[in-house]
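Geometric and topological summary
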Amino acid sequence: MANQLGPVLLTGAAGRMGTSLRESLPAYGHRLRSFDRLPVPGEPDAITADLQDAEALAAAMDGVSAVIHLAGIPGEAPFADILAANIEGTYRLYDAARAAGVRRIVYASSNHATGFTERPADGGTVPVDGPQRPDTYYGVSKCFGENLASLYADRHGIETVSLRIGSFTAEPRSIRTLATWLSPGDWARLAHAALTGPVTGHTVAYGISANTRAWWDLSTARALGYQPQDDAEAFAPALIAELGELSPDDPEHRYLGGRFTQSGR
Ligand code: 15L
């Protein structure tokens, strides 16, 4: 279990998911130290630095109990950009955490680490221990992060929970997100569980709400203590009336990664 004495370092604190956690996690008893390359609105004490800035990163790690690593490019981009921000940035984060003796990292992986997986024909869920099947360079960077976490667990004993996050929005906005939605409230519950739940080495968990149409097995998330409260189904009648159901040959229907499989860079 993570040591709860020091603050939790939050990278990507100014982003959408970081902003949400800055609002929600203090109520769970977590003290956050924000880190972002952009200024964090309303937080003059936030560390404004790039992950490539080794000195700033080392100072940011001082005394932290755990890290939530959200920083990086959140979708497909030219490979050089993904390489610098997501691949090298995540390596630098892990190595600074190792040097500082941090015991636990919550890593924002993505459903796009397995996005080229086809939806199960029987309507069941995909197991969390299936093969990686990235749908983009972005997805490749998330596979890299998961594999780096595995190495740092085995070599250095750092616990990581890699969260393959679905679609984080205030409300589901497409037919696909009726399956992939992660609500803001469930995001807080999931992050808290990943910070405090029982972990040995590297654990991978899908991160979505309790969606009736879920495609992913939530058992490893639940084993951390995650109890999702929201279900995208409440939005289904209105969304289906507005957008219609997806046809089976639509990539949004066929592949778990949806349109990311068509990004074609
Ligand atoms: C992600 O990993 C992206 O960061 C986010 O912007 C969404 O596209 C999400 O996946 C999704 O699959 O909906």
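Position numbers for residues start from 1 in each chain and track the written sequence from start to end. The predicted origin of the model limits local features to residues at a pLDDT of at least 70 and limits the giving and counting of side-chain atom pairs to 80 or more, whereas totals for whole chains, interfaces and linings rest on all residues. Calculated side-chain values reflect all of the structure's heavy atoms, with hydrogen atoms and water omitted.

**Side note on the site of the ligand**
Residues are labelled near a given molecule or strand when at least one of their non-hydrogen atoms is within 4 Å of it. Every residue near the ligand is listed here: Pro-74, Ser-110, Asn-111, His-112, Tyr-138, Gly-166, Ser-167, Arg-176 and Phe-260. Polar contact criterion, stated in full: a pair of N or O atoms within 3.5 Å, where within protein one must be able to donate a hydrogen and the other to accept it, and residues adjacent in sequence count only if both atoms are side-chain atoms. Here an oxygen atom of the ligand sits 3.0 Å away from a polar atom, N or O, in the side chain of Asn-111. In this structure, an oxygen atom belonging to the ligand sits 2.7 Å away from a side-chain N or O atom of His-112. All accessible-area figures derive from a Shrake-Rupley calculation using a 1.4 Å probe, and residue coverage is judged against the displayed protein chains alone. Within the complex, the protein chains bury 75% of what would otherwise be the 320 Å² of accessible surface of the ligand. Definitions used throughout: a 1 Å grid over protein atoms alone; a cavity as a set of points that fits a 1.4 Å probe which cannot get out; a pocket as an open set with protein on both sides within 12 Å along at least five of seven lines; a lining residue as one with an atom within 4 Å of a point. Throughout, a molecule is located in a cavity or pocket provided that more than half of its atoms lie within 2 Å of its grid points. Of all the cavities here, the one that holds the ligand is the largest pocket. The residue inventory of the shell around the ligand, partitioned by class, reads 3 nonpolar, 5 polar and 1 charged. Following the grouping adopted for this structure description, the nonpolar residues are Ala, Val, Leu, Ile, Met, Phe, Trp, Tyr, Cys and Pro, the charged ones are Asp, Glu, Lys and Arg, and the polar ones are all others, Gly among them.

**Topic: the environment of Asp-122**
A helix here means a DSSP run of H or I that spans at least four residues, while a strand means a run of E at least two residues long, and both kinds are numbered starting from the N terminus. Looking at the secondary structure, you find Asp-122 in the loop between strand 5 (104-110) and helix 4 (137-156). Between the alpha carbons of Asp-122 and Glu-245 there is a distance of 17 Å; along the sequence they are 123 residues apart. There is a polar contact of 2.7 Å between the side chain of Asp-122 and the backbone nitrogen of Gly-124.

**Some points on a nonpolar patch on the surface**
Side chains of Phe-79, Leu-83 and Tyr-137 sit close together on the surface and give an oily, nonpolar patch of about 250 Å² of accessible area. Here Tyr-137 lies in helix 4. Patch building starts from residues that exceed 30% relative accessible area and form no salt bridge, then joins like charges within 9 Å and nonpolar side chains (Val, Leu, Ile, Met, Phe, Trp, Tyr) within 5 Å. For this document, the term salt bridge refers to a Lys or Arg side-chain nitrogen within 4 Å of an Asp or Glu carboxyl oxygen.

**Section: the nonpolar core**
Throughout this description, the term nonpolar core refers to a set of buried Ala, Val, Leu, Ile, Met, Phe, Trp, Tyr and Cys residues connected via side-chain atoms within 4.5 Å. Accessible area is worked out with a 1.4 Å probe on protein chains only. A residue is then buried under 20% of its type maximum, exposed over 50%, and partly exposed in between. Judged by nonpolar contacts, the single largest core of 40 residues is most densely connected at Leu-21, Ile-68, Leu-70, Leu-163, Leu-182 and Trp-187. Of all elements in the fold, only strand 1 (8-11), helix 1 (16-24), strand 4 (66-69), strand 5, strand 6 (159-165), helix 6 (184-196) and strand 9 (202-207) reach the threshold of two or more residues within this core. The biggest single contributor to this core is helix 6, with 6 residues. Note on contacts: a residue pair is in contact if any heavy atoms of the two residues lie within 4.5 Å. Ignoring any residue separated from it by four or fewer positions in sequence, one finds Leu-70 in contact with Leu-10, Thr-11, Gly-12, Met-17, Gly-18, Leu-21, Ala-108 and Trp-187.

**Quick word on the sheet that holds strand 2 (residues 32-36)**
On the basis of which strands lie adjacent, the open sheet formed by 7 strands has the order 3-2-1-4-5-6-9 and parallel pairing. Taken across any chain shown, the strands that pair with only one partner, and hence form the sheet edges, are strand 3 (47-48) and strand 9. What makes two strands pair is DSSP finding at least two bridges between them. For strand 5 and strand 6, the ladder comprises 7 bridges, and the chain directions are parallel. Bridge assignment links Ala-108 to a residue of strand 6, and that residue is Leu-163. Set on the sheet, helix 2 (residues 54-61) makes contact with strand 1, strand 2, strand 3 and strand 4; between it and strand 2 the angle comes to about 170°. Note on geometry: axes are lines fitted to C-alpha atoms, helical ones only across the stretch in contact, with angles between N-to-C directions running from 0 to 180 degrees.

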